[in-house]
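Inside the fold
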Number of protein chains: 2
Amino acid sequence: MTTYRPHPPHQAHVHSASELMAAGRSLLLYYQRLVSPLVRRHNSSISSEAAGLKVSLVDPFNAVRVRLAETAHWTIEEFKEKMSFHIDQWISEKRSAVWLHVPLVHCSLLNVAVLDCRFNIHHSLSNEIVLSRWLRQDTVNKIPPFASHQVGVCGVVYREDTSEILVTQDKYKPARWKFPGGISEFAEDITDTAEREVLEETGIMAKTQSIIAFRQHHHLSIAFGQSDLYFICRMKPFTYTIRPCTSEILKCQWMGIRELQASPLATILTNRIAVMMLRGAKNGFRELDIKWEDLPSPADSNQTYRLFGKRT
Amino acid sequence: MTTYRPHPPHQAHVHSASELMAAGRSLLLYYQRLVSPLVRRHNSSISSEAAGLKVSLVDPFNAVRVRLAETAHWTIEEFKEKMSFHIDQWISEKRSAVWLHVPLVHCSLLNVAVLDCRFNIHHSLSNEIVLSRWLRQDTVNKIPPFASHQVGVCGVVYREDTSEILVTQDKYKPARWKFPGGISEFAEDITDTAEREVLEETGIMAKTQSIIAFRQHHHLSIAFGQSDLYFICRMKPFTYTIRPCTSEILKCQWMGIRELQASPLATILTNRIAVMMLRGAKNGFRELDIKWEDLPSPADSNQTYRLFGKRT
């Protein structure tokens, strides 16, 4: 763990009811000892709230979170002066970093925040831009990066009765046999993406059985220069009539595994998967399958996460 | 594939020299037939370049990419008028979408771009904010999302000579035994993150042998509300003296697998992995291991990607 984490200690390691209670106590103590005095100090000494700078959180990594109030009114000069004053103070208080949330209505302040106040743009979500600045000279910047990976999924839909796999040719990348698939939607499970994409592209309803492979690819232009993780799911069909999505799919058909493996139109990835499926068809898929179980989330007691691995 | 991809057809499916040549020809045709006339049309009829709106790409999905020139000068009213004029034209030309790149120097235009010109903020990279707008009323928005996942990695460093695993307690999440790890840096391979993080946190030099499990977790506050993929690597140490990073690690030690599995301080994840490692120590790790090979990238002939899966 090299990166600083911008949250109180209770949010990432709670595992049971007693843990939750302990975390609750620790959180209470944390706010009593750390956050409240700081917010009070800011409020009283420099009237941050009144000035439209809402100092809403100082986390155990000793960072400050500032939200610009939508209703605040400053000139660019006033903002620069105010922010410089605060930053000097936070440096003298040995704060590690500042998060600055800029609502769109104050977007004209972004340039001065970056050029004069030395913030970096960290990420943007809907109606605000979030900037950050690491304040400590004595340690490296430990501000964690924003999401770096796009997640894609494809489905290898295999008919046991005929030893055939569902293959497609994209309308915009013709002449290569591929598996139907696409990019995960926000907060969508890998296994669900496979089922949705196969249905949307081919009209085939299929159930994900396992993950059999995944790929990591960096510097992808189609991922806006970021990285890509692409998961290959083994799926079992429960309908067989193909109804391809005409706006995206040029060809779609069931093809024998051997024919697919030998086809000069198979991509390298398609070929590798065909070889795996040939072995699975012969020896069973137990060795190939990466299965999963859902476990309670330590970060949020209302949530689960999905753990994938070999069941030995 | 439900999402529209913002690039010419040559960039994501090239696999061989002949493919590359074919792609080159197709790209040439594509620019000759589609892009050049459009850019010329814009340049001549509405002087986009001169007006500071650089129309630089129309891709096969029929979208327009616009970069605001840093040197351009408009009032907010002029920008709104200009952009509305262009958008009406692109709608009448049946363009699918517009990408709008706003350099920081023009950040004051963001609010009007969102509120009046109905763009959405898509993502931000260093010194520009990228917005998008889907233009077609007759189909759903197919603009692909920006990176949605943070990637984390931990290392299960296992000493065969003593059947011990390297475990840590985080300074900020004490009283739980975990494996050393952290978030991947930009474009860093999973296996490399494991080696870097283990060394940084514990001083132990170790080599990644395989991935043995991974987790998908959505809506994580420490990932700014995005999703997280966390990979667990099996590693072999080649140094044994622990030198923990004092700013992050409270405790670090070698612990017997059985002791770890039975410890009430093990997280659920730590416990599951300990169970897997017990089986591996008994039966060998072949069944557990998800191995990899590097393959030539279809998107960029100078690059490789890493394909992970079971070697059956």
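Shown above is the structure to which this text applies.
Notes on the structure follow. Here the residue index of a chain counts from 1 through its sequence in written order. Whichever chain is written first is A, and whichever ligand is written first is 1; the rest continue in order. In view of the model being predicted, local features appear only for residues whose pLDDT reaches at least 70, and side-chain atom pairs are presented and counted only at 80 or more, with totals across whole chains, interfaces and linings using the full set of residues. The basis for every side-chain value is the complete set of non-hydrogen atoms in the structure, without hydrogens or water.

Some remarks on the overall build of chain A
Defined as follows: Numbered from the N terminus, helices here are DSSP runs of H or I no shorter than four residues, and strands are runs of E no shorter than two. Summary of the burial criterion: residues with accessible area below 20% of their type's maximum are buried, those above 50% are exposed, and those between are partly exposed, where the area comes from a 1.4 Å probe applied to protein chains only. We call two residues in contact when some of their heavy atoms are within 4.5 Å. Using the Shrake-Rupley algorithm and a 1.4 Å probe, accessible areas are obtained, with residue cover drawn only from the displayed protein chains.
Across its full length, chain A carries six helices and 13 strands. Here chain A holds 312 residues, and 57% of them are scored as buried. Here the contacts in chain A between residues at least 6 apart in sequence split such that 63% fall between residues at least 24 apart. Of the accessible surface of chain A, which amounts to about 13,100 Å², a share of 52% is contributed by carbon and sulfur atoms.

Comments concerning the side chain of A:H122
Heads up, the rule is: N or O atoms closer than or at 3.5 Å make up a polar contact, with two conditions inside protein: a donor-capable atom paired with an acceptor-capable one, and, for residues adjacent in sequence, both atoms drawn from side chains.
Examined against the element boundaries, A:H122 turns out to sit in strand β4 (residues 120-125). Here A:H123 takes part through its side chain, which lies 2.7 Å from a polar atom of the side chain of A:H122. In this structure the side chain of A:H122 is engaged in a polar contact, spanning 2.7 Å, whose partner is the backbone oxygen of A:P144. Not counting chain neighbours up to four residues away, the residues in contact with A:H122 comprise A:W99, A:V130, A:L131, A:S132, A:I143, A:P144, A:P145, A:F146 and B:F224.

Focus on the nonpolar core
Threshold: Definition of nonpolar core: a set of buried residues of the types Ala, Val, Leu, Ile, Met, Phe, Trp, Tyr and Cys, connected through side-chain atoms within 4.5 Å.
A:L100, A:L110, B:L100, B:L110 and B:L131 are the most contacted members of the largest nonpolar core, which totals 54 residues. Ignoring any residue separated from it by four or fewer positions in sequence, one finds B:L110 in contact with A:L104, A:C107, A:L110, A:I129, B:V102, B:I129 and B:L131. Counting 41 residues, the second largest nonpolar core, distinct from the first, contains A:V151, A:A194, B:A194 and B:C245.

Let's talk about the packing of aromatic side chains
Convention followed: Stacked, edge-to-face and tilted are the three classes for Phe, Tyr and Trp ring pairs, Trp counted by its six-membered ring, which pair at centre distances within 6.5 Å; planes under 30 degrees apart are stacked, over 60 edge-to-face, the rest tilted. Sitting over a ring, as applied to charges here, requires NZ of Lys or CZ of Arg to be within 6 Å of the ring centre and within 35 degrees of the ring normal.
Enumeration according to the criterion identifies 19 aromatic pairs over all chains in this entry. Ring geometry for A:F214 and B:F308: centres 4.8 Å apart, planes at 10°, overall stacked. Pair noted here: A:F214 is in strand β9 (residues 206-217) and B:F308 is in strand β13 (residues 304-309), and the two residues belong to different chains. Classification of A:F214 by relative accessible area gives buried; the value is 0%. Aromatic ring contacts, followed pair by pair, group A:F214, A:F231, A:W292, A:F308, B:F214, B:F231, B:W292 and B:F308 into a single cluster. The ring of A:W254 carries the charged tip of A:R159 above its face, separated from the ring centre by 5.2 Å. Between the NZ or CZ atom of B:R215 and the centre of the ring of A:Y305, over which it lies, the distance is 5.2 Å.

Points about the relation of the copies chain B and chain A
Superposing the two chain copies requires a rotation about an axis and a translation along that axis. What counts is decided by this rule: A residue counts toward the fit only if its pLDDT is at least 70 in both copies, and the copies are then superposed by least squares on the C-alpha atoms of those residues.
Overlaying chain B on chain A yields an RMSD of 0.0 Å, the required transformation being a rotation through 180° with an accompanying axial translation of 0.0 Å. On the angle and the small slide along the axis, the relation comes out as a two-fold axis. Closest to the rotation axis within chain B is the C-alpha of B:S108, separated from it by 1.9 Å. A high fraction, 100%, of the interface residues of chain B reappear at the interface in chain A, so the copies pair face to face through one surface.

With respect to the interface of chain B and chain A
Many authors give the size of an interface as the accessible area that is lost as the parts come together. Keep this limit in mind: Buried area is calculated as the accessible area (1.4 Å probe) missing from two parts once they are joined, with the contributions of both summed. By definition here, a salt bridge exists when the distance from a side-chain nitrogen of Lys or Arg to a carboxyl oxygen of Asp or Glu is within 4 Å.
Counting from both sides, the interface comprises 101 residues of chain B and, opposite them, 101 residues of chain A. In this assembly, chain B packs against chain A so that about 9,500 Å² is buried in total across both faces, 63% of it on carbon and sulfur atoms. Seen at the junction of chain B and chain A, the total is six salt bridges. Here A:R272 makes a salt bridge to B:E293, at a shortest N to O gap of 2.7 Å. Where chain B touches chain A, the interface holds 20 residue pairs in polar contact (both at pLDDT 80 or more).

A few points about the pairing of strand β3 (residues 97-103) of chain A
Residue and element names in this part refer to chain A. Short version of the rule: Only strands joined by at least two bridges in the DSSP assignment are considered to pair. Clockwise travel from the first strand over the helix to the second, with the strands pointing away from the viewer, marks a crossover as right-handed.
Burial of β3 is extensive: seven of the seven residues sit out of reach of the surface. Bridge analysis of strand β2 (residues 64-68) against β3 gives four bridges, and the strand direction is parallel. Bridging across to β3, V66 finds its partner in L100. Remark: the β2/helix α2 (residues 76-92)/β3 crossover connection has right-handed handedness. Taken together, the seven bridges between β3 and strand β5 (residues 128-134) define a ladder with antiparallel strand orientation. Counterpart to V102 in the pairing with β5 is I129.

Observations concerning a nonpolar patch on the surface
Our working rule: Residues qualify for a patch when their relative accessible area is over 30% and they have no salt bridge, like charges being joined within 9 Å and the nonpolar side chains of Val, Leu, Ile, Met, Phe, Trp and Tyr within 5 Å.
A grouping of A:L199, A:M205 and A:F238 is seen on the molecular surface, where their side chains present a nonpolar patch of about 290 Å² in accessible area. Relative to the helices and strands, A:F238 is located in the loop between β10 (227-237) and β11 (249-256).

Comments concerning the side chain of A:R65
Along the chain, A:R65 falls in strand β2. In this structure the side chain of A:R65 is engaged in a polar contact, spanning 2.9 Å, whose partner is the side chain of A:H101.

Observations regarding the environment of B:K142
Within the secondary structure layout, B:K142 lies in the loop between β5 (128-134) and β6 (149-159). Along the chain, B:K142 and B:A97 lie 45 residues apart, while their C-alpha atoms are 8.9 Å from each other. A polar side-chain atom of B:K142 sits 3.5 Å from a polar atom in the side chain of A:S247.

Some points on the pairing of strand β13 (residues 304-309) of chain A
Within β13(A), five of the six residues are buried, which leaves it mostly tucked inside the rest of the structure. Relative to β13(A), strand β12 (residues 291-296) of chain A runs antiparallel, the two being bridged by six bridges. Residue pairing for β13(A): A:L295 is matched across the bridge by A:Y305. In this structure, β13(A) lies alongside strand β9 (residues 206-217) of chain B, joined through four bridges in antiparallel fashion. Across the sheet, the residue bridging to A:R306 is B:Q216, located in β9(B).

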